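# Inside the fold
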Amino acid sequence: MFASSTFYDLRQVRSDLDRFIKDLGYEPVLNEFGKISYGKDEKLEEYCYKKISNVEI
């Protein structure tokens, strides 16, 4: 499950979502846990779109 939001102001909410998603039996895809790899060959959003295309929800 890919969770997208602002980071600093919603840090606690994102942490709660991480736990909730895991409790549902899914693997959360959250940037702060290194789940999205970035490179210099494409735009940042392209890396996110690639990751999104691989998730179930």
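Structure shown above.
Structural notes, computed from the coordinates. (Residues numbered from 1 in each chain as written. Predicted model: local features only at pLDDT ≥ 70, side-chain atom pairs only at ≥ 80, totals over all residues. Heavy atoms only, no water.)

### A few points about a nonpolar patch on the surface
Together, Leu10, Val13, Leu17, Phe20, Leu24 and Tyr26 give the surface a local cluster of nonpolar side chains, amounting to about 500 Å² of exposed area. In this structure, Phe20 sits in helix 1 (residues 11–23). (Patch = residues over 30% accessible without salt bridge, like charges linked within 9 Å, V, L, I, M, F, W, Y side chains within 5 Å. Areas by Shrake-Rupley, 256 points an atom, 1.4 Å probe, with all protein chains shown as cover. Salt bridge = Lys/Arg side-chain N within 4 Å of Asp/Glu carboxyl O. Helix = DSSP H or I, 4+ residues; strand = E, 2+ residues; numbered from the N terminus.)

### Brief notes about helix 1
Counted at 1.5 Å a residue, the expected span for helix 1 with its 13 residues is 18 Å, and the 19 Å between its end C-alpha atoms agrees. Among the residues making up helix 1, those that are buried are Arg14, Asp18 and Ile21. Burial along helix 1 is one-sided: seen end-on, the buried residues are contained in an arc of 75 degrees. Away from the buried face of helix 1 by more than 90 degrees, exposed residues Gln12 and Asp23 are located. After helix 1 finishes, the residue Gly25 shows a positive phi value of roughly 95 degrees. (Expected span 1.5 Å × (residues − 1). Buried < 20%, exposed > 50% of the residue type's maximum accessible area, 1.4 Å probe, protein only. Arc of directions from axis to C-beta.)

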